[in-house]
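Letter by letter, the chains look like this.
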Amino acid sequence: MEEFGRIIVSETAMESENPQDIINSNISVINLMREEKVDDDLIHEDALLSYYLDYYASQYAAGNFSQFVYNSGWNKELNELIEEGLTLIGAEKHLELFQAQAKRVKLLSSVKIAKFLKGKFEGVNPTRDLLNNNTYFELDENLVELNANFLKNHPDFEVLPVDEIFAVLEEFVGHEITRA
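Residues numbered from 1 in each chain as written. Predicted model: local features only at pLDDT ≥ 70, side-chain atom pairs only at ≥ 80, totals over all residues. Heavy atoms only, no water.

### Examining the packing of aromatic side chains
To be explicit about the condition: Stacked, tilted and edge-to-face pairs are distinguished by plane angle, under 30 degrees for stacked and over 60 for edge-to-face with tilted covering the rest, among Phe, Tyr and Trp rings (Trp via its six-membered ring) whose centres lie within 6.5 Å.
Tallied over the full model, the rule gives 20 aromatic pairs. Members of the aromatic cluster, connected to one another through ring pairs, are Y55, Y56, Y60, F65, F68, W74, F98, Y136 and F137.

### Points about empty space enclosed by the protein
Regions of empty space are outlined by a rolling probe, equal in size to a water molecule, passed over the atoms. Basically, it comes down to this: Cavity and pocket criteria rest on a 1 Å grid covering protein atoms alone: a 1.4 Å probe that fits but cannot get out defines a cavity, protein on both sides within 12 Å along at least 5 of 7 lines defines an open pocket, and an atom within 4 Å of a point defines a lining residue. Grid points are joined across faces, edges and corners, and a volume is the space filled by probe spheres set on the points. Comment: elements are numbered from the N terminus, with helices defined as DSSP H or I runs of at least four residues and strands as E runs of at least two. Under the scheme applied, nonpolar residues are Ala, Val, Leu, Ile, Met, Phe, Trp, Tyr, Cys and Pro; charged residues are Asp, Glu, Lys and Arg; polar residues are all the others, including Gly.
According to the stated counting rule, one finds one cavity of 30 Å³ or more in the structure shown. By volume, the largest cavity is sized at about 50 Å³. Along its surface, the largest cavity is lined by Q20, I23, L53, D54, A57, I89, L143, V144 and N147. Elements represented by at least two residues in the lining of the largest cavity include exactly α2 (19–35), α3 (45–72) and α8 (143–152). Among the residues making up the lining of the largest cavity, the classes are represented as six nonpolar, two polar and one charged.

### Here's the deal with helix α5 (residues 92–107)
Applied cut-off: Multiply 1.5 Å by the residue count of a helix minus one, and that product is the helix's expected span. In what follows, residue pairs with any heavy atoms lying within 4.5 Å of each other are defined as contacts.
Taking 1.5 Å as the rise per residue, α5 with 16 residues should run 22 Å; its terminal C-alpha atoms sit 23 Å apart, in good agreement. Looking at the buried side of α5, the elements it contacts are α3, α4 (76–88), α6 (110–118), α7 (126–131) and α8.

### Brief notes about the packing of α3 against α6
We count it as follows: In this description, a line fitted to the C-alpha atoms serves as the axis of each element, helices being fitted only across the stretch in contact, and the angle between N-to-C directions of two axes falls anywhere from 0 to 180 degrees. Just so you know how the angles are binned, under 35 degrees is roughly parallel, over 145 roughly antiparallel, 65 to 115 roughly perpendicular, and the rest oblique.
One way to put it is that α3 packs onto α6 with a least axis distance of 9 Å and a crossing angle of 85°. As the angle between them shows, α3 and α6 are arranged roughly perpendicular. Counted together, S66, V69 and Y70 of α3 and I113, F116 and L117 of α6 form the full contact between these two elements. In the contact of α3 with α6, the residues fall into five nonpolar, one polar and no charged.

### Focus: the packing of α3 against α4
Heads up, the condition is: By definition, turning the near helix anticlockwise from the far helix through less than a right angle yields a left-handed crossing, and turning it clockwise yields a right-handed one.
With their axes 9 Å apart at the nearest point, α3 and α4 run at an angle of 115° to one another. What the angle tells us is that α3 and α4 run roughly perpendicular. Note that α3 runs across α4; the crossing there is left-handed. Counted together, E45, D46, L49, Y52, L53, Y55, Y56, F68 and S72 of α3 and L78, N79, L81, I82, E84, G85, L86 and L88 of α4 form the full contact between these two elements. A per-class count over the contact of α3 with α4 returns 11 nonpolar, three polar and three charged.

See below:
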């Protein structure tokens, strides 16, 4: 099977005033492909970058940097994708913050980071508190807008009605997809 060389969002998402809807539509397409057992290697690389940037942003917004570290398991490959994504969408301030925060994690001993990842997130947690940084919320750089604009301006970006999205994906996976 060859790579799916398209980034697809729904017409509804494209017509929305909220840039998060474009990102969410991309995420829905990726989730659907994953449900149909499409390997990540076959999903458009930049669609995945957008997906992971949204994961990072939503984790940070919900529970600060420590929540991202905790829930992602501080995954080297994921961190590289986020750095690449932040660079690609032009989020220089967010990239700078991410790299500074990554240095903070690297300064922790492997024992301390392992203990943090295995322990409880809530309650008294000095490592969690050390990793938090509210600068994220003060940056005058909108990750959602940058991410949505990155998708909209991508040469492989397509806007389709939901039924057509299913038809395109069914053709790609080679069978009918059950619609929820």
